Amino acid sequence: MNRSRRLRLNIFRVTVFLAMGTFFLVPIAAMMEFSTRGRSDTGPRTMEAWTNIIKTPDLVAGILASLELAAITSIAMLVLLLPTMVWVRLRLPALHRIVEFLCLLPLVIPAIALVVGVFPINRWMRINISDSILLLSFFYLVLVMPYSYRALDAGLAAIDIKTLSEAARSLGAGWFTVMMRVIVPNMSSAILNASLLSVAVVLGEYTFANLLTYENLQVAIVYVGEVSATTSIAVAVASLLFAFALLMVLSFVGRPRERVARPEDPIPAPASRSLPLSDSFIGVPK
Amino acid sequence: MATAAREAGAGVEVRLEDLRRSYAGVSALNGLSLTMAPGEMVALLGPSGCGKTTAMRLVAGLEEAQSGRVMFGGKDVTALPANKRDVGMVFQAYSLFPHMTAQQNVAFGLSLHKVNPAERNRRAGEMLELVGLSQYANRYAHQLSGGQQQRVALARALAIRPTVLLLDEPLSALDAKVRTRLRDEIRRVQLEVGTTTLFVTHDQEEALAIADRVGVMNKGRLEQLGPPTEIYSRPATSFVAEFVGLTNRLAGVVSDGEVEVLGIRLPLVQPDAANGPAIALVRPEAVSLAANSDVSGPLVGTVIAVSFLGALSRVTVGLGDDVTVLAQLPTSEASAHQSGSRVQLTIRRDPVLIARDETTAADV
């Protein structure tokens, strides 16, 4: 690549980076500006809306509930999806398309239809099991499945899972060891991706919680917004920044290792010894 | 080091009894029986789909046999899962765990066998030394070449001191030069540790060069099992004759324990063959050429092509009526013949195998 072409490419990259950055940052900056406005247009800037976050019990409860739901949903998603996908790849490849279809199905069903579908189950669970908001994690598990499936599927496709698991099995590893010591470490990036997507979906979920009369973060933001618009915007900015922080963690922790084979190095000659192969070469008469 | 390594594999007898396996109604393995002596290296050789890899996977416990038994040292292991069989395996695909260094890869199996960390490191280092890769102990798989990765995989398989070592086309992904060197390396290591070894390959040269015995497989069955020289010089079936080395198929007539081909009589590998028309399988190295432009007869023909193979050359001679004969000669002799020149063939009176028709594998 010549110098002028490289320069043009760099200019293009910087332009795209700045354009996209502006696209994302301007609304956030506007939200920040709004959330720090004083009581009048001429009044000094104030962090009152931000301090209100921790002073509003419903909001704190909503934040904690959403964080708990995000954690439970992510863990449950991994426990359910990862072994299933590994098993299907290794033992039941014919079911791959069916599992993929089932996992992607929630993507094309409107949330409102899903809520109507789960409503009777939710009512039964609230009466017979618990009234806790954490029950939502069962339904969120369905919601996050398409996104998590895609991330995990890409991770599984990137490694030769069959050979690696068979190698580990032949060395004496049981299936749990194969999963925890061979497969999981080699797809940490995909697992982080799937978890991040789950967290992002759960933190941003409103329809299920609202229609099933639970109060998670988004529902709480709406309620608080009716009383104090600046506080609800401050919470929205905080949740966005939280998602950005997770992305940063992902990009640094889950960075894939370079996997390029080096050219063949000469194999050192074995210590001088003659191989007893004299009777096994082609063409040597018996 | 060598002494310690020798501890690694007290060779045991491995017996496969009437193993059968089919997939979706298609038989992949059709009654394979084979006994390997302690410390022996047996190569299963055959074309793609002949059942050799299935056989190895049944021995490893990675597939379940539909019938038959796998015995290690007299103990029936057929029902044991792969992780309880105590086998070491090197795969065709690179199988090092990418998130571990070479040393950690070799020590992985030892940690599963509850070997203490100090002993684990000592043995891992010893195994890496055995395959000549001590200096690469701290490298990850992606920092090693293909040949180095397969040697680490070999060290990893041997580190657990397996009852049986299984090599599933471990050299297939390597270039020809590295393949030849690593092939000899594998044989050296196997002889040092003395582990009974099953080696699967589709490369006849590889199998003949390093195995104590070679089993040629076709359509899920073992066509012939024997020392490499026997497989090559006394093939039991026409499939073996044609798969192992090049073979001329020449029409002839069997009578009185011999076959008449192109006007000359050749002895048969199995002289009790029934009289009648047959195809004689003649090795190219049994054919020699002499320049002759004057005479005519069934053994006189025209050189069609000369292929240079290095020390040897292969000459294709057309005899008319669409009959062609391959002759394999030292290059110094072959260079005397040019395309289009007339030559007279001589066929050495080695015992030959016959086939009755194109589809019959062995019909003598």
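Residues numbered from 1 in each chain as written. Chains lettered and ligands numbered in written order. Predicted model: local features only at pLDDT ≥ 70, side-chain atom pairs only at ≥ 80, totals over all residues.

Quick look at the overall build of chain A
Now for step 1: Across its full length, chain A holds twelve helices and zero strands.
Now for step 2: From first element to last, N terminus to C terminus, chain A shows the α and β order α-α-α-α-α-α-α-α-α-α-α-α.
Now for step 3: Within chain A, the fraction of its 286 residues that count as buried is 28%.
Now for step 4: Restricting the contact set of chain A to residue pairs at least 6 apart, pairs at least 24 apart contribute 77%. (Helix = DSSP H or I, 4+ residues; strand = E, 2+ residues; numbered from the N terminus. Buried ≥ 20, exposed ≤ 12 C-beta atoms within 10 Å, placed from the backbone. Contact = placed C-beta atoms within 7 Å.)

Re the environment of Val-118 of chain A
Now for step 1: By the element assignment, Val-118 of chain A lies in helix H5 (residues 111-128).
Now for step 2: Along the sequence, Val-118 of chain A and Phe-138 of chain A sit 20 residues apart, while their C-alpha atoms lie 9.9 Å from each other.

Quick look at the packing of helix H3 (residues 57-91) of chain A against helix H6 (residues 136-157) of chain A
Two measures define how a pair of helices packs: the angle their axes make with one another and the distance between the axes.
All names here are of chain A.
Now for step 1: As a packed pair, H3 and H6 sit with axes 8 Å apart at the nearest point and diverge in direction by 50°. One element, H3, and the other, H6, form an angle in the oblique class. Note that H3 runs across H6; the crossing there is right-handed. Together, Leu-69, Ile-72, Thr-73, Ala-76, Met-77, Leu-81, Leu-82, Met-85, Val-86 and Arg-89 of H3 and Leu-136, Ser-137, Tyr-140, Leu-141, Val-144, Ser-148, Tyr-149, Leu-152, Asp-153 and Leu-156 of H6 make up the contact between the two elements.
Now for step 2: Looking at the contact of H3 with H6 residue by residue, the class counts come to 15 nonpolar, three polar and two charged. (Axes fitted to C-alpha atoms, helices over the stretch in contact; angles between N-to-C directions. Parallel < 35°, antiparallel > 145°, perpendicular 65-115°, else oblique. Left-handed = near helix turned anticlockwise from the far one by under 90°. Nonpolar A, V, L, I, M, F, W, Y, C, P; charged D, E, K, R; others polar.)

Concerning the environment of Val-108 of chain A
Now for step 1: Note that Val-108 of chain A resides in helix H4 (residues 96-108).
Now for step 2: C-alpha separation for the pair Val-108 of chain A and Pro-146 of chain A, spaced 38 residues apart in sequence, amounts to 9.7 Å.

As for the pairing of strand S1 (residues 14-23) of chain B
Residues and elements named next belong to chain B.
Now for step 1: Both S1 and strand S4 (residues 67-72) contribute to a ladder of five bridges, which runs antiparallel. Looking at the pairing, Arg-20 lines up with Ser-67 of S4.
Now for step 2: Summarising the sheet, S1 and strand S2 (residues 26-36) pair through eight bridges and their orientation is antiparallel. When the bridges of S2 are listed, Tyr-23 appears paired with Val-26.
Now for step 3: What sits between the antiparallel neighbours S1 and S2 is a turn of two residues, in which Ala-24 has the positive phi angle 50°. (Pairing = 2+ DSSP bridges.)

Focus on the nonpolar core
Now for step 1: Ranked by internal contacts, the top residues of the largest apolar core, which has 167 residues, are Val-144 of chain A together with Val-59, Ala-155, Leu-166, Leu-198, Ala-280 and Ile-354 of chain B.
Now for step 2: When sequence neighbours within four positions are dropped, the list of residues in contact with Val-59 of chain B reads Leu-16, Val-70, Val-164, Leu-166 and Leu-198 of chain B. (Core = buried A, V, L, I, M, F, W, Y, C linked by C-beta atoms within 7 Å.)

Topic: helix H8 (residues 175-186) of chain A
Residues and elements named next belong to chain A.
Now for step 1: Compared with the 16 Å implied by 1.5 Å per residue over twelve residues, the 15 Å span of H8 between its first and last C-alpha is a close match.
Now for step 2: If you check which residues of H8 are buried, you get Val-178, Val-182, Ile-183 and Asn-186. The arc that holds every buried residue of H8, seen down its axis, measures 80°, which confines them to one face. Residues of H8 that are exposed and point over 90 degrees away from its buried face: Phe-176 and Met-180. (Expected span 1.5 Å × (residues − 1). Arc of directions from axis to C-beta.)

A look at the sheet that holds strand S13 (residues 264-267) of chain B
All names here are of chain B.
Now for step 1: If you walk across this open sheet you meet the five strands as S13-S12-S11-S14-S20, and the pairing is antiparallel. Each having just a single partner strand, S13 and strand S20 (353-355) make up the two edges of the open sheet. Here the strands of the sheet are splayed against their neighbours by 45° on average, with no regard to which way each runs.
Now for step 2: The pairing of strand S11 (residues 248-255) with strand S12 (residues 258-261) spans four bridges and is classified as antiparallel. In the sheet register, Val-254 faces S12, and the bridge partner there is Val-259.

Considering the sheet that holds strand S17 (residues 312-320) of chain B
All names here are of chain B.
Now for step 1: One open sheet accounts for five strands, arranged S15-S19-S16-S17-S18; its pairing is antiparallel. The sheet is open, and its two borders are formed by strand S15 (287-291) and strand S18 (323-330), each paired with just one other strand. Within the sheet, the average angular offset between the axes of one strand and its neighbour, ignoring direction, is 45°.
Now for step 2: Pairing geometry for strand S16 (residues 300-308) and S17, over six bridges, is antiparallel.

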